[in-house]
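Understanding the architecture of this molecule
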Amino acid sequence: DGGITQSPKYLFRKEGQNVTLSCEQNLNHDAMYWYRQDPGQGLRLIYYSQIVNDFQKGDIAEGYSVSREKKESFPLTVTSAQKNPTAFYLCASTSDFPSNQPQHFGDGTRLSIL
Amino acid sequence: LAKTTQPISMDSYEGQEVNITCSHNNIATNDYITWYQQFPSQGPRFIIQGYKTKVTNEVASLFIPADRKSSTLSLPRVSLSDTAVYYCSSRSYNTDKLIFGTGTRLQVFP
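First things first, this report covers the structure right here in the doc. (Residues numbered from 1 in each chain as written. Chains lettered and ligands numbered in written order. Predicted model: local features only at pLDDT ≥ 70, side-chain atom pairs only at ≥ 80, totals over all residues. Heavy atoms only, no water.)

Our focus in this paragraph is the side chain of H29 of chain A. All names here are of chain A. Relative to the assigned elements, H29 resides in the loop between β3 (19-25) and β4 (31-37). With relative accessibility at 10%, the residue H29 sits in the buried group. Residue contacts for H29: discarding those within four places in its chain leaves R68, K71, S93, T94, S95 and H104. (Helix = DSSP H or I, 4+ residues; strand = E, 2+ residues; numbered from the N terminus. Buried < 20%, exposed > 50% of the residue type's maximum accessible area, 1.4 Å probe, protein only. Contact = heavy atoms within 4.5 Å.)

This paragraph deals with unusual backbone geometry. With omega at -10°, the peptide bond leading from S7 of chain A into P8 of chain A counts as cis. Relative to the helices and strands, P8 of chain A resides in the loop between β1 (4-7) and β2 (10-13). A cis geometry characterises the amide bond from F97 of chain A onward to P98 of chain A, with omega recorded as -15°. Considering the arrangement of structural elements, one finds P98 of chain A in the loop between β9 (87-94) and β10 (104-105). Here N53 of chain A, not a glycine, exhibits a phi torsion of approximately 70°, which is positive. Along the chain, the position of N53 of chain A falls in the loop between β5 (43-49) and β6 (56-57). Non-glycine residue R68 of chain B carries a positive phi angle of around 60°. Among the secondary structure elements, R68 of chain B is positioned in the loop between β7 (61-64) and β8 (70-75).

With the rule as written, the count across this model stands at 12 aromatic pairs over all chains. Taking the centre distance of 5.9 Å and the plane angle of 65° together, the rings of Y64 of chain A and Y89 of chain A count as edge-to-face. Of the two residues, Y64 of chain A is situated in strand β7 (residues 64-66) and Y89 of chain A in strand β9; the sequence distance between them amounts to 25 residues. When its relative accessible area of 0% is taken as the criterion, Y89 of chain A is described as buried. A ring pair is formed by F105 of chain A and F100 of chain B, whose centres lie 6.2 Å apart and whose planes are at 70°; its orientation type is edge-to-face. Here the residue F105 of chain A occupies a position in strand β10, and F100 of chain B occupies one in strand β10 (residues 98-100), the pair thus bridging two chains. (Phe/Tyr/Trp six-rings, centres within 6.5 Å; stacked < 30°, edge-to-face > 60°.)

Printed below as a string of structure tokens:
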């Protein structure tokens, strides 16, 4: 069954610590995305990748970093520079970019500060 | 600045039809309007997509007027399991990135 797998489902970060959220897809999609979701604010784009070894900043990239070394993987690192990291993080993919096809989403990672 | 606006919340009762409208200012001329459904602690799931006029599938209908500056998601005869947050999305004419609305929280009562 094709889809997007995000892990872990819950993650806790200590002050000054970097944490990495995993996103893996087996849909053979070229484009992948990371969104942050806060209550009442919808989805905000953090980073996106159109193809392997390429990525661009979204609307709220400060304090985050990504890599795209493999087509199926697009990990997101929340760095200590991100002062308000508590949120629900969603990974998505589309077959290409830009795409009129609907985005496929994972089931998210909820990040909290200890 | 491109903006996608939708009501924050709506209430309904089982068996009623629910219509949720989204406004898409500055929508790209060649882009589709897409609606998603999201349950707590899950990712959004695709419901329906359209470019203009009316689209219908097994779960919903989507109405898009000729100017495409708004869209209306119609859910016929809602049930308790339709309680969720609904998002509209479209692409602005001057960017390749999708813009999501802030979501409409639909509560269905028995």
